[in-house]
Amino acid sequence: MPKFLKDPQASLWKKLMVILGIVYVISPFDILPDPVLGLGFVDDAVLIAYMVSKIFDELEKYAPEGAKGKFDRDKVIDHVEYKIDDE
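Not measured: the values here are computed from a predicted model. (Residues numbered from 1 in each chain as written. Predicted model: local features only at pLDDT ≥ 70, side-chain atom pairs only at ≥ 80, totals over all residues. Heavy atoms only, no water.)

1. Description of the overall build of the protein
Right, on to step 1. When its secondary structure is counted, the protein shows 3 helices and 0 strands.
Right, on to step 2. Listed by position from the N terminus, the elements making up the protein come as α-α-α.
Right, on to step 3. Split into buried and exposed, the 87 residues of the protein put 18% on the buried side.
Right, on to step 4. Counting contacts in the protein only where the partners sit at least 6 residues apart, residues at least 24 apart contribute 39% of the total. (Helix = DSSP H or I, 4+ residues; strand = E, 2+ residues; numbered from the N terminus. Buried < 20%, exposed > 50% of the residue type's maximum accessible area, 1.4 Å probe, protein only. Contact = heavy atoms within 4.5 Å.)

Given below as C-alpha cells:
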C-alpha cells in the first residue's frame, strides 16, 4: 500500500479513497458505534472490503517480486461439485 500511495502515476481518486478509508477505520466516529452488539466493526470491515475490491487490480503492480505469479486467476476452477465419503 505505501508504494501505491507514493506512486505519482496512480489515480488520485483511488489514493484519496484509501486514505479516507483508513481515517474512517481509525477514527472514533462510525456509522455503527463499536460497542453496539459487536456490530460496530461490521461497517469497518465492509468499508475495507469495498476499498480493496476497487483498487485490487492496481495493487498487483506493487506486490513484491517473490509474490508475483503465485496466483493465476486463469487456473482457478469454479463451480466444481464434489462428494466426500466418510468411513
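2. Structural notes on helix α2 (residues 12-26)
Right, on to step 1. The end-to-end C-alpha separation of α2 is 21 Å, in line with the 21 Å expected for 15 residues at 1.5 Å each.
Right, on to step 2. When we look at burial in α2, the residues that qualify are Lys15, Met17, Val18, Gly21 and Tyr24.
Right, on to step 3. Looking at where α2 begins, the residue whose side-chain oxygen comes 3.3 Å from the main-chain nitrogen of tryptophan 13 is serine 11. (Expected span 1.5 Å × (residues − 1). Polar contact = N/O pair within 3.5 Å; in protein donor to acceptor, adjacent residues only side chain to side chain.)

3. Some details on the nonpolar core
Right, on to step 1. Core analysis: the largest hydrophobic core is formed by 7 residues, namely Phe4, Ala10, Met17, Val18, Met51, Ile55 and Tyr62.
Right, on to step 2. Sorting the residues of this core by element identifies α2 and α3 (40-59) as the ones contributing at least two each.
Right, on to step 3. Residue contacts for isoleucine 55: discarding those within four places in its chain leaves Met1, Phe4, Lys14, Met17 and Val18. (Core = buried A, V, L, I, M, F, W, Y, C linked by side-chain atoms within 4.5 Å.)

4. Examining the confidence of the model for the protein
Right, on to step 1. Mean pLDDT over the protein: 76, with 77% of residues reaching 70 or higher.
Right, on to step 2. At the low end of the mean pLDDT range in the protein sits α3, at 80; at the high end sits α2, at 84. (pLDDT = per-residue confidence, 0-100.)

5. Topic: a nonpolar patch on the surface
Right, on to step 1. On the surface, a nonpolar cluster with roughly 260 Å² of combined accessible area is contributed by Val25, Ile48, Val52 and Phe56.
Right, on to step 2. Among the elements that line the nonpolar patch, the one with the most residues is α3, at 3 residues.
Right, on to step 3. Its location among the elements puts phenylalanine 56 in helix α3.
Right, on to step 4. According to the relative accessible area criterion, phenylalanine 56 is partly exposed, its value standing at 36%. (Patch = residues over 30% accessible without salt bridge, like charges linked within 9 Å, V, L, I, M, F, W, Y side chains within 5 Å. Areas by Shrake-Rupley, 256 points an atom, 1.4 Å probe, with all protein chains shown as cover. Salt bridge = Lys/Arg side-chain N within 4 Å of Asp/Glu carboxyl O.)

6. Some details on the side chain of aspartate 7
Right, on to step 1. Along the chain, aspartate 7 turns up in the loop between α1 (2-6) and α2.
Right, on to step 2. With a relative accessible area of 17%, aspartate 7 lands in the buried category.
Right, on to step 3. Setting aside chain neighbours within four positions, we find aspartate 7 in contact with Lys15 and Tyr62.

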